[in-house]
Amino acid sequence: MNSQTKVAGVILAGGRARRMDNRDKGLVDFKGRPMVSYAIAALAPVVDAVFISANRNIDQYRQFGWPVISDQTDSFDGPLAGVLSAMMHADADVLLVMPCDSPLIKTEHLRKLLLIRAESNADVAVAFDGIRLHPVFLAIKTTLQTSLQDYLANGQRKVAVWLAQQSLVRVDFSGEPEIFNNINSMDELSMLEEAKYFS
């Protein structure tokens, strides 16, 4: 990566988490630590600034020591609303995006997203597990802010549809697809805590 490229990171923790009994997923413990702490540990080493995108429990998220930002509306408009808010707050050329509920993601995986995007000079790098895209794992140029703002203003919400309109590179993680295991329910939390590949 060009040493002049400024990178900010955002952890998406702004959803309603209906399948998690409306509990705030980022604050739910996994292996004795809040899930958002795993995302911070993965993200902080490869970015110049970290933002936590949250729409509730703001004070609790602030205790992790990073700025907390919220969506521009109070209607829980999905992941892209959190991405847009981060673009508006970040003084950066590239935004690195990840969710709060995927504790198997490590710094090396996020570094790979950044490197592949830079090498290809694509507008967006998105994680690919060999079968499908994981559209909330992104390295994205902040120059796409206007495009994203217009998309959301038109009532659109689907991440994959907006991504398909951009200059995009897939980043291949097919050798370790399990890293994208995310936690949407208390049952999934228990299953992942017991999974053999978590270290």
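Please refer to the structure placed before this passage.
The rules behind the values
- Residues numbered from 1 in each chain as written.
- Predicted model: local features only at pLDDT ≥ 70, side-chain atom pairs only at ≥ 80, totals over all residues.
- Heavy atoms only, no water.
- Buried < 20%, exposed > 50% of the residue type's maximum accessible area, 1.4 Å probe, protein only.
- Helix = DSSP H or I, 4+ residues; strand = E, 2+ residues; numbered from the N terminus.
- Axes fitted to C-alpha atoms, helices over the stretch in contact; angles between N-to-C directions.
- Parallel < 35°, antiparallel > 145°, perpendicular 65-115°, else oblique.
- Left-handed = near helix turned anticlockwise from the far one by under 90°.
- Contact = heavy atoms within 4.5 Å.
- Nonpolar A, V, L, I, M, F, W, Y, C, P; charged D, E, K, R; others polar.
- Salt bridge = Lys/Arg side-chain N within 4 Å of Asp/Glu carboxyl O.
- Phe/Tyr/Trp six-rings, centres within 6.5 Å; stacked < 30°, edge-to-face > 60°.
- Lys NZ or Arg CZ within 6 Å of the ring centre and 35° of its normal.

## Here we look at helix α3 (residues 79–89)
The buried fraction of α3 is high, at 8 of 11 residues. Leu80, Ala81, Gly82, Val83, Leu84, Ser85, Ala86 and Met87 are the residues of α3 that are buried.

## Side note on the packing of α3 against helix α5 (residues 145–153)
α5 packs onto α3 with a crossing angle of 140 degrees between their chain directions and a minimal axis gap of 10 Å. As summarised for this structure, α3 and α5 are arranged oblique, according to the angle between their axes. The two elements α3 and α5 meet at a crossing, and its hand is left-handed. Here Leu80, Ala81, Val83, Leu84, Met87 and Met88 of α3 lie close against α5, whose contacting residues are Gln145, Leu148, Gln149, Tyr151 and Leu152. When grouped by side-chain class, the residues that make up the contact of α3 with α5 number 9 nonpolar, 2 polar and no charged.

## Focus on the pattern of salt bridges
According to the stated counting rule, one finds 5 salt bridges in the structure shown. Linking aspartate 24 and arginine 56 is a salt bridge whose minimum nitrogen-to-oxygen distance equals 4.0 Å. In this pair, aspartate 24 sits in the loop between β1 (7–12) and β2 (29–30) while arginine 56 sits in the loop between β4 (49–53) and α2 (58–62), placing the two residues 32 residues apart along the sequence. Residue arginine 56 is classed as partly exposed on the basis of its relative accessible area of 23%. Of the charged contacts, one joins aspartate 123 and lysine 141 as a salt bridge, the two residues approaching to 3.6 Å between their closest N and O atoms. Taken together, the residues aspartate 123 in the loop between α4 (107–120) and β7 (124–128) and lysine 141 in strand β8 (residues 133–141) connect sequence positions 18 residues apart.

## Quick word on the packing of aromatic side chains
Geometry of an aromatic ring pair is reported as the spacing of the ring centres plus the angle between the planes. Overall, the coordinates contain 4 aromatic pairs when judged by the stated rule. For the ring pair tyrosine 61 and phenylalanine 64, a centre distance of 6.4 Å and an interplane angle of 40 degrees mean the geometry is tilted. For tyrosine 61, a relative accessible area of 0% corresponds to the buried category. Using a relative accessible area of 26% as the deciding quantity, one classes phenylalanine 64 as partly exposed. Both rings, one in phenylalanine 173 and one in phenylalanine 180, keep their centres 5.6 Å apart while their planes meet at 80 degrees; by these two values the pair is edge-to-face. On the basis of relative accessible area, phenylalanine 173 is assigned to the buried category, the value being 3%. Every member of this aromatic cluster is reached through a ring pair, and the members are Phe137, Phe173 and Phe180. Taking NZ or CZ as reference, arginine 33 lies 3.9 Å from the ring centre of tyrosine 38, over its face. Taking the ring centre of phenylalanine 173 as reference, the NZ or CZ of lysine 112 above it sits at 4.7 Å.

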